[in-house]
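Inside the fold
The primary structure of each chain is shown beneath.
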Amino acid sequence: QVQLVESGGGLVQHGGSLRLSCAASGNTNTMHVMGWYRQAPGRERELVAIITRGGTTTYPDSMKGRFAISGNNDNTMLYLQMNSLKVEDTATYYCNGRISLFGKITDYWGQGTQVTVSS
């Protein structure tokens with residue numbers, strides 16, 4: 001089992017920055033990938049960024065340039081630096097941890113942290 005708790009969300013003006021944090025506990029060494037996802041009202045949850053245990057990061061094209069994911073070596077903390085925020089970045093941001101074991105994938109999610117960007 002893995003527990004994930006996000007923090008750092010809030011209200012920010014267009015063009016501002018925020019840094020989200022995710023504290024992980026439990027069997028954190030079993031996670032091989034961690035990531036950030038977001039979901040806006042009326043929209044599906046979408047990938048923001050992922051990072052592997054080896055430190056390889058992946059961003060969808062739409063997220064490249066303004067977002068940066070990072071974490072510590074023991075998978076207990078995950079961060080998302082968000083710069084040049086836009087109104088359309090308003091969403092609930094979720095921390096994700098993925099375990100792949102014997103061909104079975106298990107996803108763990110935090111409760112989410114709200115980010116609101118004002119114009």
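Use the structure listed above.
On a predicted model such as this, the values are computed, not experimentally measured, just so you know.

A word on the sheet that holds strand 8 (residues 77-82)
- Across the sheet, which stays open at both edges, the 4 strands sit in the order 1-3-8-7 with antiparallel pairing between neighbours. In this open sheet, the two strands that pair with only one neighbour each are strand 1 (2-7) and strand 7 (67-71). Taken pair by pair, the neighbouring strands of this sheet meet at an average axis angle of 15 degrees, ignoring direction.
- Here strand 7 pairs with strand 8 via 5 bridges, running antiparallel. Opposite S70, over in strand 8, you have Y79 as the bridge partner.

Points about the state of the cysteines
- Under the counting rule described, the total for this entry stands at 1 disulfide.
- Two residues share a disulfide in this structure: C22 and C95, whose sulfurs sit 2.1 Å from each other. One disulfide, between C22 and C95, carries an S-S torsion of -80 degrees and so falls in the left-handed class. Here C22, found in strand 3 (residues 18-26), pairs with C95, found in strand 9 (residues 91-101); they are 73 residues apart in sequence, far enough to count as distant.

Each value, and the rule that gives it
For every chain, the first residue of its written sequence is number 1, and the numbers climb from 1 along that sequence. Local features in this predicted model are restricted to residues whose pLDDT is 70 or higher, and side-chain atom pairs enter the listing and the counts only when it is 80 or higher, whereas totals over whole chains, interfaces and linings include all residues. In computing side-chain properties, one takes all heavy atoms of the structure into account and sets aside hydrogens as well as water. A pair of strands counts as paired when DSSP detects no fewer than two bridges linking them. Put simply, DSSP marks the helices as runs of H or I at least four residues long and the strands as runs of E at least two long, and each gets a number from the N terminus on. Lines are fitted to the C-alpha atoms to define the axes, a helix being fitted only along its stretch in contact, and any angle between axes, read from their N-to-C directions, falls within 0 to 180 degrees. Here, two cysteine sulfur atoms that lie within 2.5 Å of each other are counted as a disulfide.

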